[in-house]
Amino acid sequence: MSAGSLPHGPSARRTGLALLGIGCLGIAAVWITTWGGRCWTSEALRRARIEADPPVLSPLDLRSSTGQVLRPWGKAPAPARAFLVTFVYTSCPTLCSTAGDGFGRLQPDLDADGGAIRLLSLSFDPRRDDSLALRTYAERHGADPSRWLVAAPTTESALEKVLDEAGVVVIADGRGGYAHNGGIHVILADGRLVGVFDLTQAQEALECARRWAS
Amino acid sequence: MRSTVGQLRVEGGKLGVFVAATLLLVAVAGCRHWLEQDMARHMLIEFPLLLVVGAALAWATGGATRGLLARCNALGLSGFAFVTLTLAYWMIPAALDASVRQGGVGGAKWLTLLASGYVLPASFGLATLPVQALMVGNVAWMSAAVGLLYQQADRQLCLYYLADAQVVAGQGLVAAAVIIGLAWCLWAVRRADRGHRQPHHGPEPARSELLVRARISGLPGATIE
């Protein structure tokens, strides 16, 4: 064999086999990581996994903007058959505010369900989100406590567990705030997280909750 | 006597490179958290450092695995395929996130990048210029395409990196693609120029390397000692 010519003989066969092995390994790794080539980001992957096999979230004790202490899921009798949940921090100027506006517009649509489905804005920054901050957020977005709870967890360890189970990642944005994967989470009374929707898909999230809660 | 001294120098040099590569690896491991906190640092500093460590270890450990690798790496094709697939895989946002979140995946990333660095020099030595061009062009094109995607995505692609960091990483990948492509072109032109000026000074490096590998792998027609 001379330089520049195609390989032949045993070396070519071994190279061919090696290429085949490398190719198969590569395809398998990509296939597994991307859920069969359908999800190229972690968020898409998270939503696909939740849809395929809803995880059960641990119980979480909350204190609401009205001073109420409650456990929204994992305890009978539950305050609702399903919750539409957004994870927020009240000083957020962008995404969480948009989430609040979306929930504000969705409130009247919940009347048809007779209290079976409720909204929950859940703070992942309980240290800064005290009762006053929660109340201010609720008032700013016109939250009606009978349909929409604005609350923070009573213990950070329980919150971290739930965030981990739900696949919500919160990172500091370097400007005193946070960046996180948002969305509307549909959580049933037994703690099952059955769907995650974009903030612009509030109606779809409500339909999903109705389907599961009926 | 002279050859013994030369041999000792080479061995000493290899030992020095081995120690330096090991120290660099330990330093990268020590800075891992800092490196992986930012997307650009993760992809544009940690990745190349691991490749460099792998390449240095390959040079320092020289003959130990060279023959074995050469047997299934005709024209450097297997090595290049492994490197290209490894780099492509770790540019997938879900894979990059998993490498930060899960220790096992992070370990796999380190191993595959080190292995890529390890096989790269030998693969370049075995490859002809067109094969090298294919490999370099492929990696450069892939980096540029992913870099542009990172910059133009309308949302945060990785859960562990901010959208701003994603844009910076994207710009860095495009810059890296240009630098890699230009550097290889300059190197190829210089090599061709040198070969043109000195036609009678023995076979060109790639050919020489190839023939030595061929001898090791016992290919028919390989007679050079």
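Cut-offs used in this document
Residues numbered from 1 in each chain as written. Chains lettered and ligands numbered in written order. Predicted model: local features only at pLDDT ≥ 70, side-chain atom pairs only at ≥ 80, totals over all residues. Heavy atoms only, no water. Helix = DSSP H or I, 4+ residues; strand = E, 2+ residues; numbered from the N terminus. Buried < 20%, exposed > 50% of the residue type's maximum accessible area, 1.4 Å probe, protein only. Contact = heavy atoms within 4.5 Å. Areas by Shrake-Rupley, 256 points an atom, 1.4 Å probe, with all protein chains shown as cover. Lys, Arg positive; Asp, Glu negative; His and termini not counted. Charge placed at Lys NZ, Arg CZ, Asp CG, Glu CD.

(A) Main features of the overall build of chain B. Secondary structure summary: chain B contains 10 helices and 0 strands in total. Going from the N terminus to the C terminus, chain B shows its helices and strands as α-α-α-α-α-α-α-α-α-α. Relative to its full complement of 225 residues, chain B shows a buried share of 42%. Expressed as a percentage of contacts within chain B between residues at least 6 apart in sequence, the contacts between residues at least 24 apart total 77%. Element-wise, carbon and sulfur atoms account for 68% of the exposed surface of chain B, whose accessible area totals about 11,500 Å².

(B) Quick peek at the overall build of chain A. Scanning chain A from N- to C-terminus turns up 6 helices and 9 strands. Judged by the C-alpha coordinates and their principal axes, chain A covers about 80 × 40 × 30 Å. Counting only residues that meet the buried cut, chain A has 49% of its 214 residues in that class. Counting only contacts in chain A whose residues sit at least 6 apart along the sequence, the fraction spanning at least 24 positions is 68%. For chain A, the accessible area works out to roughly 10,000 Å², and carbon and sulfur atoms hold 57% of it. Separation of charge centres in chain A, based on 22 positive and 22 negative side chains, amounts to 6 Å.

In short, the description is geometric, and any link to function would need to be established separately.
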